[in-house]
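Observations on chain architecture
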Amino acid sequence: SIKHLLYSDHAAERYEDAYIHAVGDLKVPIKVDAMPKFIEYLLPDYTYRLSSRNIKEITNAFGRDNQKGRDQIVWSGIRKALEDYKKRQADNETDVFIGSALNASSRVYRHWVKFMGLLAAYHFVMVPGRICFAPWNSYTDPAALAVDVPA
């Protein structure tokens, strides 16, 4: 697979020259028969035999949305795909993910989470029960407050 090589810094410098070398002009699309020449010039260090799979990878990566997987690529498609890749990389580098400071494998933490789950289930059952059935004369009745002790 050459997919990982297509977005390398070394290859990014060579796209325009490789395109012109393959078809002669940036306005002319690269057809399937010129793809091996394009790939050879773009990735000179790739010494393996080029296959139809490699060509399909390039057409899927650089073809326009309505041309994905078709038999040609255009210069604007390559330029747009490279810009999109750079934007995604920049977004990935600026995203800051701050995880939990607690150890999720800790026994105390796991027991705390289970306790909170049981407490939530208790409230899920008891709050509607106290509102609908109202077995006590007032909400401040000592028996009603004793039911809330687990919470």
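For the structure, see preceding data.
In every chain, residue numbers begin from 1 and rise along the written sequence. Restriction of local features to residues with pLDDT of at least 70 applies here, the model being predicted, together with a cutoff of 80 or more for giving and counting side-chain atom pairs; totals for whole chains, interfaces and linings are based on all residues. Derived side-chain values reflect all non-hydrogen atoms in the structure, with water molecules and hydrogen atoms excluded from consideration.

Before going further, it helps to examine the overall build of the protein chain. Working definition: helices are DSSP H or I runs of at least four residues, strands are E runs of at least two. Numbering for both runs from the N terminus. Looking only at helices and strands, the protein chain features 8 helices and 2 strands. Reading the secondary structure of the protein chain in the N-to-C direction produces α-α-α-β-α-α-β-α-α-α. Throughout this description, buried means an accessible area under 20% of the type-specific maximum (1.4 Å probe, protein chains only), exposed means over 50%, and partly exposed covers the range between. Across the 151 residues that make up the protein chain, the buried fraction comes to 23%. Intrachain contacts of the protein chain at a sequence separation of at least 6 include 47% that bridge at least 24 residues. Accessible area for the protein chain stands at about 11000 Å²; split by element, carbon and sulfur atoms hold 57% of it. A contact between two residues is defined here by any heavy atoms of the two lying within 4.5 Å. Residue exposure ignores everything except the shown protein chains as possible cover, and the areas themselves are Shrake-Rupley values with a 1.4 Å probe.

Side-chain rings of Phe, Tyr and Trp (the six-membered ring for Trp) are treated as a pair once their centres are within 6.5 Å; stacked means planes under 30 degrees apart, edge-to-face means over 60, and tilted covers the remaining angles. Applying the stated criterion across every chain, the model contains 8 aromatic pairs. Judged by centre distance (6.3 Å) and plane angle (80°), the ring pair of tyrosine 19 and phenylalanine 38 falls under edge-to-face. Here the residue tyrosine 19 occupies a position in helix H3 (residues 15-23), and phenylalanine 38 occupies one in helix H4 (residues 35-42), the gap between them amounting to 19 residues. Note on accessibility: tyrosine 19 and phenylalanine 38 belong to one class, buried. In this structure an aromatic cluster arises from ring pairing among Tyr7, Tyr15, Tyr19, Phe38, Phe62, Trp75 and Tyr85. Note on geometry: a ring has a charge over it if NZ (lysine) or CZ (arginine) is within 6 Å of the ring centre and within 35 degrees of the ring normal. A cation over an aromatic ring shows up here: arginine 14 above the ring of tyrosine 41, its NZ or CZ 4.9 Å from the ring centre.

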